[in-house]
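Residue-level listing of the chains:
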2 protein chains.
Amino acid sequence: MSEILAIGSYTETDMAGLREMGARVIASLDAMRDLPEAERGDVRAVAYKGHHPFGAEEMALLPALGVIANYGVGYDAIDVGAADAAGVRVTNTPDVLNDDVADLAVAMLLMQQRRMRQGDAHVRSGAWAGGESFALNRKVSGRRAGVMGLGRIGRDIADRLAAFKMEMHYHSRSEKQTPGWRYHADPVDLAASVDYLVVALVGGPETENYVSREVIEALGPEGVLINISRGSTVDEAALLEALETGRLGGAGLDVFNGEPKVDPRFHALDNVVLQPHQGSGTQETRAAMGQLQRDNVAAFLAGKALPTPVN
Amino acid sequence: MSEILAIGSYTETDMAGLREMGARVIASLDAMRDLPEAERGDVRAVAYKGHHPFGAEEMALLPALGVIANYGVGYDAIDVGAADAAGVRVTNTPDVLNDDVADLAVAMLLMQQRRMRQGDAHVRSGAWAGGESFALNRKVSGRRAGVMGLGRIGRDIADRLAAFKMEMHYHSRSEKQTPGWRYHADPVDLAASVDYLVVALVGGPETENYVSREVIEALGPEGVLINISRGSTVDEAALLEALETGRLGGAGLDVFNGEPKVDPRFHALDNVVLQPHQGSGTQETRAAMGQLQRDNVAAFLAGKALPTPVN
């Protein structure tokens, strides 16, 4: 019997924080469906951590539900329209993870272009000691970079890339205040104008395959695509084909369609850096995300203003 | 019979450029020693690419020598004192490689802290798809970074790290004009004040083991050492011991004592990023370095001012 239901796989610290608030912690939406009706009826707040769709059907199982506090800035798993209709508030954890995600985006780009995975293996394997030379790579600083989606994370990425003396371009729903960065209303036009394209779009149906086959082709055989947003924002079939045939130079990917079940065709590619969706995966940031999630739950139950509302 | 002798392993582009100037290209100092005395007597300019010591003895073998144009910014292989005594000018290739070296320094730091080699392997091995979670790492942005040696490369590194919102510290022979970065006259004091220490010292006997056991101990079990300078600047025995025992958190190393014969104890370490001295290893930068080397040779032979003299 608890009015707070926490769903997902939490760290010990978060688990302790949630239990201290009196939350019941369960592993998944399936476990939620299995709860007795009476227990579901008590739930006023859900702390949600997961990527499985949380829609009208799930909300209907929790008749007293007032808030879904999402762990993460991307809340595309939650049907906000259904939440609106059911009078349910949704919150997320923005901003606290921007630095980490931007760090990883820049790091994937550098690691891809300087072939650092291969460089490390060249040393560890003894190939270097044995006299094998390591091929020259491409210079990163001073190149042309484009950010697709200049929200708060996109801006943090762009600020870092600018310190690498890059010529900065971006595409966004509207033109933004920038230090003279070039705005492209058309995503294909952006891709054609840069060497590196970093995808920082929000997820969800509106941006599905936004990085289309045409965008990928426009980026071209010397271009590199970095994605730290959602697997869904990129046409993954077109991406794999372009990477396999050399029509795209390379990629750095932290997110994938159907993750963690990554298409095994990625495993065979030498021109990609693959990361296990660890954009916000640091101790510091995950602790801050958990705290912000709990702050939203606590504010709702206390009848106070939600710190970071979505709707 | 040539007045230009190019010594070292050059790319095809550089080889073509050198031959166009009329240079004779040989592989090593040993090959130079094997040349007939008459041919050695013709040599007025050496284009040198290598890390084997070029001292008084080698200079004496080239009685008409007037300039040694070094390929690379670090000219610690060349005995400049002996060159002075013999009336030989020395040049290097500064600045054109600063961006690449700074890029690699920042990239090694990010890759080490976010465990990106391990992250890539976690995806490629199928471990992630199989449900294994990837451990949380440490946040990079916002931490305290120190640069040891704030020359031109050190400054380029510091400028990039500052864009990651870091608190910047440095040690140098003298205090420099900076945007409020904290100067430490003592290297141990610098190490004790930061989370990350990036070594950008010049090489040579004066800086041998400058990053001493005490500096490494002061950096400590959460600290990370990045070295893009020369293997000689770091007490490697102390470094290995600290990395193996956890008294130093981690390292990113592009340079090693006795490279490319890296101490195999490095191979076994999970907390280090190893790179095969590829700091300046991009097509763009190596081409610029070769051009600058040839420009120095050409200026000397034409009796013009040397573009980038050392002495």
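Labelled according to an unreviewed UniProt entry, chain A appears under the name 2-hydroxyacid dehydrogenase, originating from Limimaricola litoreus. Recorded under Sequence similarities (unreviewed entry), the UniProt text for chain A is reproduced unchanged: "Belongs to the D-isomer specific 2-hydroxyacid dehydrogenase family."

K.L.:
Explain the UniProt feature "domain: D-isomer specific 2-hydroxyacid dehydrogenase catalytic" (unreviewed entry) in chain A here, please?
P.N.:
Per the UniProt record, "domain: D-isomer specific 2-hydroxyacid dehydrogenase catalytic" (unreviewed entry) is annotated on residues 39–311 of chain A. Overall, residues 39–311 of chain A shows 34% helix and 14% strand. The separation of its end C-alpha atoms is 26 Å.

K.L.:
What's the story with the pairing of strand E1 (residues 4–7) of chain A in this structure? I'm lost.
P.N.:
Successive residues of a regular strand alternate their side chains across the two faces of the sheet. Residue and element names in this part refer to chain A. By the alternation rule, side chains of E1 split into Ile-4 and Ala-6 and Leu-5 and Ile-7, which are all buried. As judged from the 4 bridges shared by E1 and strand E3 (residues 45–48), these two strands associate in the parallel manner. Bridge pairing links Ala-6 to Ala-47 in E3. Judged from the 3 bridges that link them, E1 and strand E2 (residues 24–26) form a sheet pairing that is parallel. Across the sheet, the residue bridging to Ile-7 is Ile-26, located in E2. A crossover connection joins E1 to the parallel E2 through helix H1 (residues 12–20); in handedness this β-α-β unit is right-handed.

K.L.:
I keep staring at the environment of B:Tyr210 and nothing clicks. Help me out?
P.N.:
Residue and element names in this part refer to chain B. The topology assignment puts Tyr-210 in the loop between strand E9 (196–199) and helix H10 (213–219). Overall, the relative accessible area of 29% leaves Tyr-210 in the partly exposed class. Tyr-210 sits 23 residues away from Thr-233 along the chain, and the two C-alpha atoms are 5.3 Å apart. For Tyr-210, the contacting residues outside a window of four places in its chain are Met-148, His-171, Pro-187, Leu-201, Val-215 and Thr-233. In this structure the side chain of Tyr-210 is engaged in a polar contact, spanning 2.7 Å, whose partner is the side chain of His-171.

K.L.:
What is the right way to read the pairing of strand E10 (residues 224–227) of chain A from this model?
P.N.:
Residue and element names in this part refer to chain A. Of the two faces of E10, the one holding Val-224 and Ile-226 and the one holding Leu-225 and Asn-227 are both buried throughout. With 4 bridges connecting them, strand E9 (residues 196–199) and E10 associate as parallel partners. Bridge pairing in E10 places Leu-197 opposite Leu-225. Regarding the hand of the β-α-β motif, the stretch spanning E9, helix H10 (residues 213–219) and E10 is right-handed. In this structure, E10 lies alongside strand E11 (residues 250–253), joined through 4 bridges in parallel fashion. Paired with Val-224 across the strands is Gly-250, a residue of E11. This β-α-β element, E10 to helix H11 (residues 236–245) to E11, shows right-handed connectivity.

K.L.:
Explain the interface of chain A and chain B here, please?
P.N.:
Put simply, an interface is often sized by how much accessible area is lost when its parts join up. If you look at the interface, chain A gives 59 residues, while chain B gives 59 residues. With both sides pooled, the region where chain A packs onto chain B buries about 5,200 Å², and carbon together with sulfur makes up 58% of that total. For chain A, the biggest contributors to the area lost against chain B are A:Arg114, A:Arg124 and A:Trp128; these three give 16% of the whole. Linking B:Asp99 and A:Lys139 is a salt bridge whose minimum nitrogen-to-oxygen distance equals 3.7 Å. One can count 38 residue pairs in polar contact (both at pLDDT 80 or more) joining chain A with chain B. Those elements giving two or more residues to the side of chain A that touches chain B turn out to be helix H6 (98–113), helix H7 (116–124), helix H8 (152–163), strand E12 (272–274) and helix H12 (283–301) of chain A.

K.L.:
Even after reading the chapter, I still don't get the relation of the copies chain A and chain B, so can you show me in this structure?
P.N.:
In this structure, two copies of a chain are linked by a rotation about an axis accompanied by a shift along it. Between chain A and chain B, the superposition needs a rotation of 180° and an axial shift of 0.0 Å, giving an RMSD of 0.0 Å. Taken together, the turn and the small shift mark the pair as related by a two-fold rotation axis. A share of 100% of the interface residues of chain A reappears at the interface of chain B, consistent with the copies meeting face to face through the same patch.

K.L.:
What's the story with H11(A) in this structure? I'm lost.
P.N.:
Because an α-helix packs 3.6 residues into every turn, residues spaced three or four apart end up facing the same way. Residues and elements named next belong to chain A. Looking at H11, one finds that the buried residues are Glu-236, Ala-238, Leu-239, Leu-240, Ala-242 and Leu-243. The secondary structure elements touched by the buried residues of H11 are H10, E10, E11 and E12. Positive backbone phi, approximately 80°, marks Gly-246, located one or two places after H11.

K.L.:
Sorry, what's going on with the sheet that holds strand E2 (residues 24–26) of chain B here?
P.N.:
In a beta sheet, neighbouring strands pair by backbone hydrogen bonds and run either parallel or antiparallel. Residues and elements named next belong to chain B. Strand order in this open sheet of 5 strands is E2-E1-E3-E4-E5, and the pairing throughout is parallel. With partners counted over all chains shown, the strands left at the sheet margins are E2 and strand E5 (89–91), one partner each. Strand-to-strand twist across the sheet, computed as the mean angle between neighbouring axes with direction ignored, equals 20°.

Cut-off values and rules
- Residues numbered from 1 in each chain as written.
- Chains lettered and ligands numbered in written order.
- Predicted model: local features only at pLDDT ≥ 70, side-chain atom pairs only at ≥ 80, totals over all residues.
- Heavy atoms only, no water.
- UniProt positions renumbered as here; feature names shortened; annotations may be inferred.
- Helix = DSSP H or I, 4+ residues; strand = E, 2+ residues; numbered from the N terminus.
- Buried < 20%, exposed > 50% of the residue type's maximum accessible area, 1.4 Å probe, protein only.
- Pairing = 2+ DSSP bridges.
- Right-handed = clockwise from strand over helix to strand, strands pointing away.
- Contact = heavy atoms within 4.5 Å.
- Polar contact = N/O pair within 3.5 Å; in protein donor to acceptor, adjacent residues only side chain to side chain.
- Buried area = accessible area lost by both parts, 1.4 Å probe.
- Salt bridge = Lys/Arg side-chain N within 4 Å of Asp/Glu carboxyl O.
- Least-squares fit on C-alpha atoms with pLDDT ≥ 70 in both.
- Axes fitted to C-alpha atoms, helices over the stretch in contact; angles between N-to-C directions.

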